[in-house]
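Okay, here's what each chain looks like letter by letter:
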Amino acid sequence: MKPDIHLPFKNIQKYIPENQTVIQPSVHSHEGLEVPNIIMRYGKVKNPLKTRSKIINKMIFTIYHLWISYHRLKKNPEKAKVKIEEDQLKKLAGYAHNLGCYQIGFTKVPEKYIFKNKVICFPYAIVITKAMDKNKMKQAPMEAAGKEVWKTYADLGKIVNKLAHYMRKMGFNAQAGPALGGEVNYPLLAQKAGLGYIGQHGLLITEKYGPSIRIATVYTDIMNLPITDQDSEQHQWIREFCKKCGRCVQKCPGNAIFSTAKILEDQSEKHIDYTRCAVPFANYLGCSICIKECVFFNKGYQSIKERFLKKQE
């Protein structure tokens, strides 16, 4: 078996005060799967040096911002505020949008969403998304799309660290959660925050950009955030639409997407076989064909919704 890649700083408890409590995963939590390890174990890269050299700078920046997110945890204020004023929240949201965020949502983190080999410092999440360049993603699985995927990973790492720094200056606790290497299942968290709905391909589908986004978060203990505690009803029709569509299932080069999501023992859903997904992902810098072929990437959300719901009448 190929060796795992172990990041030396991935144990968050080395970077927080000894007396600080952390939020543990539940007994129903799943193992956190790290992209580098999946690729190393199951990907079959034809020319690894040539392939990875095209994105190595973005990979380095992505890992750097992940390291920063851990290292700066000790900079949280000793007596942090746990309530935010309305004008402060507006400034925070405005700052996030100015940094390039497409969406921002707020929710409490269910313990079952925390990966079983991870912990988080705070119970609430400020969930953000960043859109990827549509013209570049249309070229998937070519180099331009792969570079855009890794650029977005790197950008989000930088953004959440800036947001966390901004919050600490305001007197609040913050833990940055970059887009790659996170402690929590981001699509489920973003769905709970009302930012979209998970499609058949396991990706979050949003109104404006479909699945062509990446997700990151900032955890905090601010108690009066305008949190959303359940999946948004306005997006739930996507579930039935995806069952009838199946385009991503047909187009996946690795045959990795299940035509019907598998229901696990804890009643959660599994949408893809990551061991199969790893092969095209490794060879094409992130593949992204499921994004490119998704109906929600190519057509307007509202027009799809109206036509689908009309047929259901």
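Our subject is the structure listed above.
Anyway, here's the lowdown on the structure attached to this text. (Residues numbered from 1 in each chain as written. Predicted model: local features only at pLDDT ≥ 70, side-chain atom pairs only at ≥ 80, totals over all residues. Heavy atoms only, no water.)

**Some details on the side chain of histidine 201**
- For histidine 201, the location among the structural elements is in the loop between β4 (197–198) and β5 (204–205).
- Of the polar contacts made by the side chain of histidine 201, one reaches the backbone nitrogen of leucine 203; its length is 3.2 Å.
- The residues touching histidine 201, leaving out its near neighbours within four places in the chain, are Pro211, Cys248, Ile257, His271, Ile272, Cys290 and Cys294. (Helix = DSSP H or I, 4+ residues; strand = E, 2+ residues; numbered from the N terminus. Polar contact = N/O pair within 3.5 Å; in protein donor to acceptor, adjacent residues only side chain to side chain. Contact = heavy atoms within 4.5 Å.)

**Comments concerning the pattern of salt bridges**
- Counting across every chain of the model gives 9 salt bridges.
- Linking aspartate 155 and lysine 151 is a salt bridge whose minimum nitrogen-to-oxygen distance equals 2.7 Å. Of the two residues, aspartate 155 and lysine 151 are both situated in helix α6 (residues 143–169); the distance of 4 residues between them amounts to about one turn of the helix.
- Among the residues examined, lysine 151 registers a relative accessible area of 31% and is labelled partly exposed.
- A salt bridge links arginine 276 to aspartate 273; its shortest N-O distance comes to 3.8 Å.
- Relative accessible area serves as the criterion here: at 45%, arginine 276 is assigned to the partly exposed category.
- The network of salt bridges with common partners includes Lys130, Lys151 and Asp155. (Salt bridge = Lys/Arg side-chain N within 4 Å of Asp/Glu carboxyl O. Buried < 20%, exposed > 50% of the residue type's maximum accessible area, 1.4 Å probe, protein only.)

From the geometry alone we can't say anything about function, so treat these as descriptive.
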